[in-house]
Amino acid sequence: MANGRRFALGGIVILGAATIALAQTAPTPPTMSESIVVTADRTVEPREDVPASVTVLTRRDIERLPARSLAELLAALPALDVDFGDGGTARPIVGSRGFFGGGEVEYVKLLVDGVVSGDPETGLVDWRAMPASSIERVEVLHGPASALYGDGSLGGVVQVFTRRDAGVHTHLSFDSGTAGANGATGWTSMPVGTFALTARMHATHGNGWRAHSAASLATGALSFGSRDERSDWLLSIGGDHINRDDPGPLPLSIARQDPSRSESLYRDDNDTTTRRRASLRATHRFGAIAVDGNAFIEHRSTDLLRSLLLVPTFGDRALRTLRTASGGASLLASGEWHLFGRTAESRGAIDVTDADVRSTYFGVTASGSRGAQTAALNAHRRQVGFSFASDVHPTDRLRITLGARRDALRDSDRGVSHEHSPWSPRIAVSRTFGDGSNAYVQLSRAFRAPSIDQLSDARGFPDFRGGTFTISNPLLAPEYARTIEAGLARSTAALRWNAVGYQSRVTDEIDFDPATFRYRNIGSSSHRGLELAVAGLFHTVEPSLSYDWTRVESLDNGGGAQLKNIPKHVVRAGVSAPLPLSLYGTLRWTLKSGRFLDDGERFPLGTIRTLDASVRRDLGRARVELHLLNMLGSNSNALGFVLTDFRGQAVPYVYPSERFTARLVVGWTD
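Quick notes on the rules
Residues numbered from 1 in each chain as written. Predicted model: local features only at pLDDT ≥ 70, side-chain atom pairs only at ≥ 80, totals over all residues. Heavy atoms only, no water. Helix = DSSP H or I, 4+ residues; strand = E, 2+ residues; numbered from the N terminus. Rg over C-alpha atoms; globule rule 2.2 N^0.38 Å. Buried < 20%, exposed > 50% of the residue type's maximum accessible area, 1.4 Å probe, protein only. Contact = heavy atoms within 4.5 Å. Areas by Shrake-Rupley, 256 points an atom, 1.4 Å probe, with all protein chains shown as cover. Pairing = 2+ DSSP bridges. Axes fitted to C-alpha atoms, helices over the stretch in contact; angles between N-to-C directions. Polar contact = N/O pair within 3.5 Å; in protein donor to acceptor, adjacent residues only side chain to side chain. Core = buried A, V, L, I, M, F, W, Y, C linked by side-chain atoms within 4.5 Å. Phe/Tyr/Trp six-rings, centres within 6.5 Å; stacked < 30°, edge-to-face > 60°. Lys NZ or Arg CZ within 6 Å of the ring centre and 35° of its normal. pLDDT = per-residue confidence, 0-100. Patch = residues over 30% accessible without salt bridge, like charges linked within 9 Å, V, L, I, M, F, W, Y side chains within 5 Å. Salt bridge = Lys/Arg side-chain N within 4 Å of Asp/Glu carboxyl O.

### So, the overall build of the chain
A count of helices and strands for the chain gives six helices and 37 strands. Whereas a compact globule of 670 residues would reach a radius of gyration of roughly 26 Å, the chain reaches 25 Å, a difference of no more than 12%. With respect to the three principal axes, the spread of C-alpha positions in the chain is 70 × 70 × 50 Å. Looking at the chain residue by residue over its 670 residues, the buried ones come to 54%. By sequence separation, contacts in the chain at least 24 residues apart represent 63% of the contacts at least 6 residues apart. If you sum the accessible surface of the chain, you get close to 28000 Å²; carbon and sulfur atoms cover 59% of it.

Right, here's the structure in full:
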């Protein structure tokens, strides 16, 4: 901690010296302009017309935040709960509205320039792999969205739009911080005839503040495209390489004494992954009809040594090699028509994905090297989704949206196949009032299919009787959520606010059943919540405040208790403003409370309070930034679980949160 504070003080001195030595440059005056969104209904439309809860980050918003990755950007947004999203080396976990995958599955879908992203066997996304400097815009659609995007969107959808500036532009930045963290980011664009070429790269390395938590990441992409009033297309080729040590959980008693420790069981745990990906997206307007299509292919190789506790003090280690090949395509057509003299819009889409997963398990020797093969898997999944929706306007200010999607999923493993065909209907009514305000109510049904790993993972665990067992279950069915949601929002030149209330009932939930030691459709739960957010602009000062109340409880056995690892209350307060000496600063405070390690509220997690700050100085084409994360040094735990030992005693385990982090960023943009 002392070294971190000395680093922060040194950064302030450097920043101040640069300010005095060079000419002052005033920051760009802030504005609050009307936003256009595309994620909420898969078509371009004004934000105030959208019958859903949407959060938007513009390029200017991104530059204000102390963030170098997509994970850190999402951690600053209301109605999202991000663990390990603030500068550390652990893999971030994103939750929304009480839908929490715990790092095993994903409940929030990621799209990059309209193309879906995620590992085929789990749907998991590495939210750190996209550098903030390469992002032009982020749109978050909150709440179940299967009627639009199908599987994997029970918690919502995050869509990232990458930068595609016209002309010749170049950005380079370097950062260095506590815990041996260093990084470099580059981004450039240039015209090639009538086309535009864009290249980006991002590399980071950190030792981590916990023992055995070093991580490195290198990612890059090359994009080639063109756009005008009628058409827009973009071809992207890229990949990334990740090497991350995993320090594992700690018993709560030890974490309170020394949260930087790592237990000996995890001394060799490591994830080494390489991805290669290509995608093509094209949009063209034929008169009143717009057509949007995309396609992608991805190859991935992973060597994952992972240790899992079975009971306290006893765990199982295994090395897994994964080779996956996946691809997909989407086609969306939209247009206007007239009904009884009123304008209506319709859109239809077809989405296809196909994935092969080849997985082999090996034992691990005492020295951490590969042992004999123990199991193998060759699984295949194909998904086809058809959706259709129409917007009818009975009056100029009233809009009724009717839509539905049908998905067909087919999984096969070792000659055995399973098929599911879930329906996802949606109806929404919205009303605008002409003063920048709107109200909406919507009802929808959404689903999440069991992941390939939940269905077919071949890893064997010792049964303490000389044999092994697996926790996967080929008989799993999709889980469903029926949701009613209502919202009210208003946006003016100086103030933007919104209020959203929702209730979801989830049935056939997929979870690990400790009674049978395997995944099962084991019950139902209720998700209720309230999301409030306000942001203002007063001269050059931009304050913001949000509050999320989330109540998630089981509907089986009487219920009444908050489900594990989900905070009941999240408060975020922030302010951005110009400072003396042509500095620009942002301060952000976050509180999370009402979390438990178990589903019975017997083991409460402590309240997390974090204070983050950034200050920047523009020096012509150069910029110097100082990021200070968790300035209060909060020694808290992000999440955890409870195991029962051989004597029947419950033992809590936790994953400690990142400690104080500081980094100095020096960048140049042409």
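### Observations regarding the sheet that holds strand β8 (residues 135-142)
Strand-to-strand pairing in sheets goes through backbone hydrogen bonds, with the strands running parallel or antiparallel. Read across the open sheet, the five strands follow the order β3-β8-β9-β6-β7; overall the sheet is mixed. The sheet is open, and its two borders are formed by β3 (54-57) and β7 (115-117), each paired with just one other strand. Pairs of neighbouring strands in the sheet enclose a mean axial angle of 20 degrees, with direction left out of account. Relative to β7, strand β6 (residues 108-112) runs antiparallel, the two sharing three bridges. The partner of Leu-111 across the bridge, within β7, is Val-116.

### So, the side chain of Asp-548
Note on placement: Asp-548 falls in strand β30 (residues 542-554). Looking at Asp-548, the relative accessible area reads 5%, which means it is buried. Among the polar contacts made by the side chain of Asp-548, one reaches the main-chain amide nitrogen of Ala-79 at a distance of 2.8 Å. Not counting chain neighbours up to four residues away, the residues in contact with Asp-548 comprise Pro-78, Ala-79, Leu-80, Leu-530, Glu-531, Leu-532, Lys-568, His-569, Val-570 and Arg-572.

### Overview of the pairing of strand β21 (residues 398-413)
Sheet topology places strand β20 (residues 370-392) next to β21; 14 bridges connect them, and they run antiparallel. Residue pairing for β21: Arg-382 is matched across the bridge by Arg-410. Hairpin remark: β20 followed by β21, antiparallel, with five residues in the connecting loop. Of the strand pairs in this sheet, β21 and strand β23 (residues 423-432) are connected by nine bridges, and their pairing is antiparallel. In the strand pairing of β23, Arg-406 is matched with Trp-423. Pairing analysis gives five bridges linking β21 to strand β22 (residues 416-420), with the strands arranged antiparallel. In the strand pairing of β22, Arg-410 is matched with Glu-419.

### Thoughts on the nonpolar core
Ranked by size, the top nonpolar core spans 25 residues in total, and within it Leu-70, Leu-74, Trp-127, Val-138 and Val-158 carry the most contacts. If you list the elements that add at least two residues to this core, you get α3 (70-75), β6, β8 and β9 (156-162). With five residues, α3 is the largest single contributor of residues to this core. Those residues within four positions of Val-138 in sequence are excluded, and the remaining contacts are Thr-55, Val-56, Leu-57, Leu-70, Leu-74, Val-158, Gln-159 and Val-160. Core analysis: the next-biggest nonpolar cluster, separate from the first, contains twelve residues, Val-37, Ala-40, Val-54 and Tyr-149 among them.

### Describing the environment of Trp-497
Structurally, the position occupied by Trp-497 is in strand β28 (residues 495-513). Judged by relative accessible area, Trp-497 falls into the partly exposed class, the value being 29%. Once the C-alpha coordinates of Trp-497 and Ile-350 are considered, the two residues, 147 residues apart in sequence, prove to be 35 Å apart. Sequence-distant contacts of Trp-497, defined by excluding residues within four places in its chain, comprise Leu-488, Ala-489, Arg-490, Ala-533 and Val-534.

### A word on the packing of aromatic side chains
Enumeration according to the criterion identifies ten aromatic pairs in this entry. Aromatic pair Phe-641 and Tyr-653: ring centres 5.4 Å apart, planes at 10 degrees, arrangement stacked. With Phe-641 in strand β35 (residues 637-644) and Tyr-653 in strand β36 (residues 650-656), this pair connects stretches of sequence that are twelve residues apart. One aromatic cluster is present, formed by Phe-461, Phe-469, Phe-512, Phe-517 and Tyr-519 through successive ring pairs. Directly above the ring of Phe-362 sits Arg-370, whose terminal nitrogen or CZ lies 4.3 Å from the centroid.

### Some remarks on the confidence of the model for the chain
Chain-level statistics for the chain give a pLDDT mean of 90 and a share of 94% at 70 or above. In this model residues 1-33 is a low-confidence stretch, pLDDT under 50, and it forms 59 contacts with partners more than four residues away in sequence or in other chains.

### Some points on a nonpolar patch on the surface
Judged by side-chain polarity, Leu-495, Val-534, Phe-538, Val-541, Leu-545, Val-575, Leu-587 and Met-631 come together as a nonpolar surface patch covering roughly 590 Å² of accessible area. You can see Phe-538 is positioned in the loop between β29 (518-536) and β30. Note on Phe-538: relative accessible area 45%, which makes it partly exposed.

### Description of the pattern of salt bridges
All told, the structure shown has 55 salt bridges when counted by the stated rule. A salt bridge links Arg-459 to Asp-316, with the nearest nitrogen and oxygen atoms 3.0 Å apart. A residue pair is termed long-range when its members are at least 10 positions apart, and Arg-459 in the loop between α6 (452-456) and β25 (461-462) and Asp-316 in strand β18 (residues 314-339) qualify at 143 residues. The two residues Arg-459 and Asp-316 agree in class, both being buried. Note that Glu-479 and Arg-448 form a salt bridge whose closest N and O atoms lie 3.1 Å from each other. Placement of the pair is Glu-479 in strand β27 (residues 479-491) and Arg-448 in strand β24 (residues 437-448), with a sequence separation of 31 residues. Residue Glu-479 shares its accessibility class with Arg-448, and that shared class is buried. Through salt bridges with shared partners, a single ionic network connects Asp-41, Glu-45, Arg-347, Asp-391, Arg-399 and Arg-426.

### Overview of the side chain of His-171
Relative to the helices and strands, His-171 is located in strand β10 (residues 169-177). Among the polar contacts made by the side chain of His-171, one reaches the side chain of Thr-669 at a distance of 3.0 Å. Not counting chain neighbours up to four residues away, the residues in contact with His-171 comprise Ser-133, Thr-185, Gly-186, Trp-187, Trp-668 and Thr-669.

### Examining the sheet that holds β36
On the basis of which strands lie adjacent, the open sheet formed by three strands has the order β15-β36-β35 and antiparallel pairing. Lying at the two open borders of the sheet, with one neighbouring strand each, are β15 (250-251) and β35.

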